Amino acid sequence: MTHSPDPGSILRPRPASPVVEVEDERFGRYGVRLLVKRDDLVHPELPGNKWRKLAPNLRAAVEGGFPGVATFGGAYSNHLRATAAAGRLLGMATVGIVRGDELAGRPLNDSLARCAADGMRLHFVTRAEYRRKAEPEVLGRMLAEAGAGSSYVVPEGGSNALALEGCAELGRELRGVSDVVAVACGTGGTLAGLAAGLGPGQRALGVPVLAGGFLGAEIRSLQEAAFGGPAGAWSLAEGFHHGGYARVPARLEEFAADFGERHGFPVERVYVAKLLWALAALAESGAFPPGTTLTAVVTGRP
């Protein structure tokens, strides 16, 4: 019989997740040493960057006496699932404001059904309204209609100043470990915090999983809010989104299955597979000089 962790475990600091070396000729033939930061193992129910982003925000919600947490996401949002699981562990009410009012009358997909099973109340809004959620008036109306007017609000993807502080700890755990630390990016918060935590001479590399080229400005804005200005060295490797968010074409599926089979851990498809594919392609293109030690951060699991 398995037991869920006790509610307090979600807020306590966790031991550093392991770093393992991966022998793979797709890197070795170019003189690149590949390490994998298994951050998917950092918490049993909130793997990787979800725990790092959510834990400081949940701590603030608990300490502030808020009755619940409200947040935002699409129909397949890992962030919504993680927030719902966290609410169950803490015994705290959660509300998810979901992009796409056309979903309201349909059976829930597996992701949203998991949110509901964990006690999250789902509130569907039009895509046009969702795009305006940063406007105070629109946000207030959304929260009121969702019955979450007094809830602690966590932004889409969990990326805010508190989340960046949590992700900076990931960087501190990797100081001196490698030359380049790479992570897949959705909203950019993990990369923004990671870069701030790394040491001198290290740089963070982000692989966006969405098309659009908007992340650079967002990362700069997040760092300004969290740290008062630029923090750490970082760059983005665009062009590896494979058609857009949650798109997993056959070649990427085959690559992910092969990588997982070779190296003995499950490869999450939406983020981690695109990260590993990008790093292999960049190694082949000569983007990493021979002698480079590269760390890929596994931020989630299937």
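Keep in mind it's a predicted model, so treat the numbers as computed, not measured.

Draft legend 1. Examining the packing of aromatic side chains more closely. Under the counting rule described, the total for this entry stands at 5 aromatic pairs. Here the aromatic rings of Phe 255 and Phe 259 are separated by 6.0 Å at their centres, their planes lie at 40 degrees, and the arrangement is tilted. Separated by 4 residues within a single helix, Phe 255 and Phe 259 lie in helix α10 (residues 250–263), roughly one turn from each other. Seen from their ring centres, Phe 255 and Trp 277 are 5.5 Å apart, and the 70 degrees between their planes marks the pair as edge-to-face. Of the two residues, Phe 255 is situated in helix α10 and Trp 277 in helix α11 (residues 272–285); the sequence distance between them amounts to 22 residues. With respect to burial, Phe 255 and Trp 277 carry one shared label: buried. Three or more aromatic residues link up through ring pairs in this structure, and these residues are Phe 255, Phe 259, Phe 265 and Trp 277.

Draft legend 2. Looking closely at the environment of Val 138. By the secondary structure assignment, Val 138 is in helix α6 (residues 136–145). In the structure, Val 138 is positioned 99 residues away from Asp 39 in sequence and 36 Å away in space, judged by C-alpha atoms. In contact with Val 138, not counting residues within four places along its chain, are Glu 129, Arg 132 and Lys 133.

Draft legend 3. Structural context of helix α2 (residues 49–63). Taking 1.5 Å of rise per residue, the 15 residues of α2 would be expected to cover 21 Å, and the 22 Å separating its terminal C-alpha atoms lies within 8% of that figure. By the largest-angle criterion, Ala 55 marks the main kink of α2, which is about 30 degrees, and a proline, Pro 56, follows within four residues. In terms of burial, α2 is a largely internal element, 11 of the 15 residues being buried. Residues Asn 49, Lys 50, Trp 51, Arg 52, Lys 53, Leu 54, Ala 55, Pro 56, Asn 57, Leu 58 and Ala 61 constitute the buried set of α2. Structurally, α2 contributes buried residues whose contacts are with β2 (33–37), β3 (68–73), α3 (78–90), β6 (152–153), α7 (161–173) and α8 (189–197). A positive phi of about 75 degrees marks Gly 65, the residue just after α2.

Draft legend 4. Fine view of the nonpolar core. Counting residues in hydrophobic clusters, the biggest one holds 35 residues, and the most contacted among them are Phe 27, Leu 205, Phe 259, Val 267, Leu 279, Phe 288 and Leu 294. When contributions to this core are tallied by element, the ones reaching two or more residues are β2, β7 (180–185), β8 (203–208), α10, α11 and β10 (293–297). Of all the elements, α11 adds the most residues to this core, at 10 residues. With residues near it in sequence (within four places) discarded, Leu 279 still touches Phe 27, Ala 182, Leu 205, Phe 288, Leu 294 and Ala 296. Grouped together as the second largest cluster of nonpolar side chains are 17 residues, Leu 170, Val 181, Ile 219 and Ala 226 included.

Draft legend 5. Representation of the sheet that holds β10 within the structure. With mixed pairing, 6 strands are arranged side by side in an open sheet as β1-β2-β10-β7-β8-β9. The strands lining the two open edges of the sheet, one partner per strand, are β1 (19–22) and β9 (234–236). Each strand of the sheet is rotated relative to its neighbour by a mean of 25 degrees, with strand direction disregarded. Alignment of β1 against β2, held across 4 bridges, turns out to be antiparallel. Among the inter-strand pairings, Val 22 is bridged to a residue of β2, identified as Leu 34.

Draft legend 6. Looking closely at the pattern of salt bridges. Within this structure, the stated rule accounts for 20 salt bridges. A salt bridge links Glu 173 to Lys 37; the nearest nitrogen and oxygen atoms lie 2.7 Å apart. Taken as a pair, Glu 173 in helix α7 and Lys 37 in strand β2 lie far apart in primary sequence, 136 residues in all. For the pair Glu 173 and Lys 37, a shared accessibility class is recorded, and that class is buried. In this structure, Asp 118 engages Arg 114 in a salt bridge whose closest nitrogen and oxygen atoms are separated by 2.9 Å. Look at Asp 118 and you get buried, because its relative accessible area is 8%. Overall, Arg 114 belongs to the partly exposed group, its relative accessible area being 42%. If you follow the salt bridges from partner to partner, you end up with Asp 24, Glu 25, Arg 26, Asp 258 and Arg 262 in one network.

Draft legend 7. Main features of the packing of α7 against α8. Put simply, α7 and α8 touch, their axes get as near as 6 Å, and they point 50 degrees apart. Taken together, the axis directions place α7 and α8 in an arrangement best described as oblique. The interaxial crossing formed by α7 with α8 has right-handed handedness. The segment α7 lies against α8, with Leu 164, Cys 167, Ala 168, Leu 170, Gly 171 and Arg 172 engaging Gly 189, Thr 190, Ala 192, Gly 193, Leu 194 and Gly 197. Of the residues assigned to the contact of α7 with α8, the class counts are 6 nonpolar, 5 polar and 1 charged.

Draft legend 8. Summary view of unusual backbone geometry. The backbone phi angle of His 242 is positive, close to 55 degrees, even though this residue is not glycine. Relative to the helices and strands, His 242 is located in the loop between β9 and α10.

Each value, and the rule that gives it
The residue numbers shown here count from 1 along each chain, following its written sequence. pLDDT decides what is reported in this predicted model: residues at 70 or higher carry local features, side-chain atom pairs at 80 or more are listed and counted, and totals for whole chains, interfaces and linings draw on all residues regardless. The side-chain values count all of the structure's non-hydrogen atoms but skip hydrogen atoms and water molecules. Only the six-membered ring of Trp is used, alongside the rings of Phe and Tyr, when aromatic pairs are assigned; centres must lie within 6.5 Å, and planes under 30 degrees apart are stacked while those over 60 apart are edge-to-face, with the rest tilted. Numbering of helices and strands runs from the N terminus, with a helix taken as a DSSP run of H or I at least four residues long and a strand as a DSSP run of E at least two residues long. Three exposure classes are used, based on accessible area relative to the maximum for each residue type with a 1.4 Å probe and protein chains only: buried under 20%, partly exposed in between, and exposed over 50%. Note on definitions: a residue-residue contact is assigned when non-hydrogen atoms from the two residues lie within 4.5 Å. To estimate the expected span of a helix, subtract one from its residue number and multiply by 1.5 Å. The reported bend at a residue is simply the angle between two axes, fitted to the 7 residues ending at it and to the 7 residues beginning with it. What is meant by a nonpolar core is a set of buried Ala, Val, Leu, Ile, Met, Phe, Trp, Tyr and Cys residues, joined one to another through side-chain atoms within 4.5 Å. At least two DSSP bridges between two strands are required for those strands to pair. Interaxial angles span 0 to 180 degrees and are taken between N-to-C directions of axes, which are lines fitted to C-alpha atoms, for helices over the stretch in contact. Here, a salt bridge means any Lys or Arg side-chain nitrogen found within 4 Å of an Asp or Glu carboxyl oxygen. What sets the label is the angle itself: under 35 degrees gives roughly parallel, over 145 gives roughly antiparallel, 65 to 115 gives roughly perpendicular, and the rest give oblique. Rotating anticlockwise by less than a right angle from the far helix to the near helix defines a left-handed crossing, while the corresponding clockwise rotation defines a right-handed one. Lys, Arg, Asp and Glu make up the charged group, whereas Ala, Val, Leu, Ile, Met, Phe, Trp, Tyr, Cys and Pro make up the nonpolar group; the residues left over, Gly among them, are polar.

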